[in-house]
Amino acid sequence: MEEETVGPRDPSGESSDAPVMERGRWIWYAAGAVLAAVMLVSVLTIVLADQMRAVDSRVVVGVFAGSAVAVWVAVTFGFRCGPAASLQVLTMLIIVTVALLSVIYTDTVERFAGQSYLAVLILSFVGAATVILPAPAALGVVSIGVALDDPYVVGLVAATGQTAGELIAYLVGATSKQLVERGPGYARIRAVLRNRNKLAGLAIFALAAVPNPAFDVVGLIAGAVRYSLWRFFALAWLGNAFKYVLVWGSLGAVIFRALGSA
């Protein structure tokens with residue numbers, strides 16, 4: 001029987017992982033606060049896009065870039081993030097900055113349509129590849145989809161990039177099972193994926209088909225239990241295509257335009 005270690009114990013029998021877990025909890029709080037701030041700034045940017053376009057573009061780009069750097073410095077050094085977490089925070093902020101600028105400068109997105117599709121692929125790939133702290137690539141996908149007035153093709157491109165990025169989580173799970181905390185949620189998902197039956201495939205599709213920042217965990221566990229790589233890719237792509245075309249591409253575009261006309 002495999003014995004799980006949760007960390008060194010002191011003479012009293014108590015685990016010494018408590019400070020690490022407490023610090024990890026505060027990092028998640030910080031991530032939640034940053035994401036809430038991103039949502040607020042995103043709404044304000046959509047509503048005030050016309051007014052921002054009237055300002056010198058160098059000033060707007062400088063303000064957004066400077067704000068992203070300030071947030072990155074505050075989060076990285078305030079919570080003493082390690083190199084990996086720091087890089088993920090920076091990646092998330094870059095994606096958000098690009099997305100918000102594409103909201104403001106839709107004419108530029110239309111002018112460089114070919115490069116914009118490539119940007120969607122890169123944004124969705126990088127956003128999914130930031131394991132554990134998923135970057136909100138959907139914001140960029142929606143804004144570019146609206147600017148190009150082509151939510152379907154943009155959604156399929158985004159689904160391809162997202163699924164390719166999620167393979168990073170699968171590969172990490174295949175090489176490092178200890179990355180996921182083995183709580184009740186882990187046990188349930190692991191039990192489903194280990195069966196490799198239709199229920200496992202349905203779970204992967206369903207979890208990929210809804211906006212779900214925890215899908216990285218599914219990829220990690222799928223890799224850890226050696227679920228079929230190609231089956232995982234196909235099911236995750238189908239789920240992501242449904243999500244990006246119907247949820248983000250259609251519903252997201254409606255909300256986007258409603259906010260813009262408010």
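Keep in mind it's a predicted model, so treat the numbers as computed, not measured.

Rules used in this analysis
- Residues numbered from 1 in each chain as written.
- Predicted model: local features only at pLDDT ≥ 70, side-chain atom pairs only at ≥ 80, totals over all residues.
- Heavy atoms only, no water.
- Salt bridge = Lys/Arg side-chain N within 4 Å of Asp/Glu carboxyl O.
- Helix = DSSP H or I, 4+ residues; strand = E, 2+ residues; numbered from the N terminus.
- Buried < 20%, exposed > 50% of the residue type's maximum accessible area, 1.4 Å probe, protein only.
- Axes fitted to C-alpha atoms, helices over the stretch in contact; angles between N-to-C directions.
- Parallel < 35°, antiparallel > 145°, perpendicular 65-115°, else oblique.
- Left-handed = near helix turned anticlockwise from the far one by under 90°.
- Contact = heavy atoms within 4.5 Å.
- Nonpolar A, V, L, I, M, F, W, Y, C, P; charged D, E, K, R; others polar.
- Phe/Tyr/Trp six-rings, centres within 6.5 Å; stacked < 30°, edge-to-face > 60°.

(A) Just the pattern of salt bridges, in detail. With the rule as written, the count across this model stands at 3 salt bridges. Between D50 and R53 there is a salt bridge; the shortest N-O distance is 2.2 Å. Here the residue D50 and the residue R53 both occupy positions in helix α2 (residues 49-53), the gap between them amounting to 3 residues, near one helical turn. Residue D56 pairs with R58 through a salt bridge whose shortest N-O separation is 3.1 Å. Residue R58 is classed as exposed on the basis of its relative accessible area, which comes to 67%.

(B) Here's a closer look at the packing of helix α8 (residues 151-175) against helix α11 (residues 215-224). Their axes nearest at 6 Å, the elements α8 and α11 cross at an angle of 45°. Between α8 and α11, the crossing angle belongs to the class labelled oblique. The way α8 lies across α11 gives a crossing that is right-handed. Contact with α8, carried on its side by E166, A169, Y170, V172, G173 and A174, involves F215, D216, G219, L220, A222, G223 and A224 of α11 and no other residues of that element. Among the residues forming the contact of α8 with α11, the class breakdown is 8 nonpolar, 3 polar and 2 charged.

(C) View of the packing of aromatic side chains. For the structure shown, the criterion picks out 3 aromatic pairs. Seen in terms of ring centroids, W72 and F77 are 6.3 Å apart; in terms of plane orientation they differ by 80°. Their pairing is edge-to-face. Grouped by ring-pair contacts, the aromatic residues Y170, F215 and F232 constitute a single cluster.

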